Amino acid sequence: KDKYSLNPSYFGDSGYLLECIYLAQGRESEAEQMMDELGEHGRENSQTRAGDFFHAFEAEFALRRGDIRRAKQICRYADFDAGPPRWFFYVPQFTPIKCMLANGSPEHLADAYTRLVKWDEEMKKINRVNIRIEVLVLLTVVFPVIKMTASC
């Protein structure tokens, strides 16, 4: 139980980062084990925010593993606005946008584009360069499709 004495946001963000590293290294079983620990942490501490963070990241984890169907299913009930402050490593609010991009329908892409433009404007105002970089990367995925659709 002592291993969970730190702030749930820090534990969740650190766990997310470690999972990403494990997945990038092809160590999927260790990534899944970390996911289990994040879920256990939320349940043992009965913290709503930690549980919300876990569900948001669960969808992100599914996307990173290529399980788009599972990610969309989780996106239906996860609270992506309950995550940690926006300057941490994982930004839960981007996960539903990534699900929209994975869906690829014109409506979803347009919605993703609108949300990303708002995020870009907001991150410029508060000078969150690290988050803005991720926004701009996601915009490079959706912008060519939006531009092509608009010109048709």
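Structure: see above.
Cut-offs used in this document
- Residues numbered from 1 in each chain as written.
- Predicted model: local features only at pLDDT ≥ 70, side-chain atom pairs only at ≥ 80, totals over all residues.
- Heavy atoms only, no water.
- Axes fitted to C-alpha atoms, helices over the stretch in contact; angles between N-to-C directions.
- Helix = DSSP H or I, 4+ residues; strand = E, 2+ residues; numbered from the N terminus.
- Parallel < 35°, antiparallel > 145°, perpendicular 65-115°, else oblique.
- Left-handed = near helix turned anticlockwise from the far one by under 90°.
- Contact = heavy atoms within 4.5 Å.
- Nonpolar A, V, L, I, M, F, W, Y, C, P; charged D, E, K, R; others polar.
- Phe/Tyr/Trp six-rings, centres within 6.5 Å; stacked < 30°, edge-to-face > 60°.
- Buried < 20%, exposed > 50% of the residue type's maximum accessible area, 1.4 Å probe, protein only.

1. A word on the packing of helix 4 (residues 68-75) against helix 5 (residues 94-103)
Packed helices, taken two at a time, are described by the angle between their axes plus the distance between the axes.
Here is step 1: Closest axis-to-axis distance for the helix 4/helix 5 pair is 10 Å, and the angle between their directions is 135°. Classified by the interaxial angle, the pair formed by helix 4 and helix 5 is oblique. In the packing of helix 4 onto helix 5, the handedness of the crossing is left-handed. In this structure, helix 4 uses Ile68, Ala71, Lys72 and Cys75 to contact helix 5, whose residues at the interface are Pro96, Cys99, Ala102 and Asn103.
Here is step 2: Here the residues of the contact of helix 4 with helix 5 are counted per class, giving six nonpolar, one polar and one charged.

2. Brief notes about the packing of aromatic side chains
Here is step 1: Throughout the structure, instances matching the rule amount to five aromatic pairs.
Here is step 2: Between the aromatic rings of tyrosine 16 and tyrosine 90, the centroid separation amounts to 4.5 Å while the plane-to-plane angle is 35°, which identifies the pairing as tilted. Taken together, the residues tyrosine 16 in helix 1 (residues 8-24) and tyrosine 90 in the loop between helix 4 and helix 5 connect sequence positions 74 residues apart.
Here is step 3: Look at tyrosine 16 and you get buried, because its relative accessible area is 3%.
Here is step 4: For tyrosine 90, a relative accessible area of 1% puts it in the buried group.
Here is step 5: Judged by centre distance (6.3 Å) and plane angle (35°), the rings of phenylalanine 57 and phenylalanine 61 are tilted. Of this pair, phenylalanine 57 and phenylalanine 61 both sit in helix 3 (residues 48-64), four residues apart, which is roughly one turn of that helix.
Here is step 6: A residue is classified by how much of its surface remains accessible, and phenylalanine 57, at 0% relative accessible area, is buried.
Here is step 7: Here a set of aromatic residues connected by ring pairs shows up, and it is made of Tyr16, Phe57, Phe61 and Tyr90.

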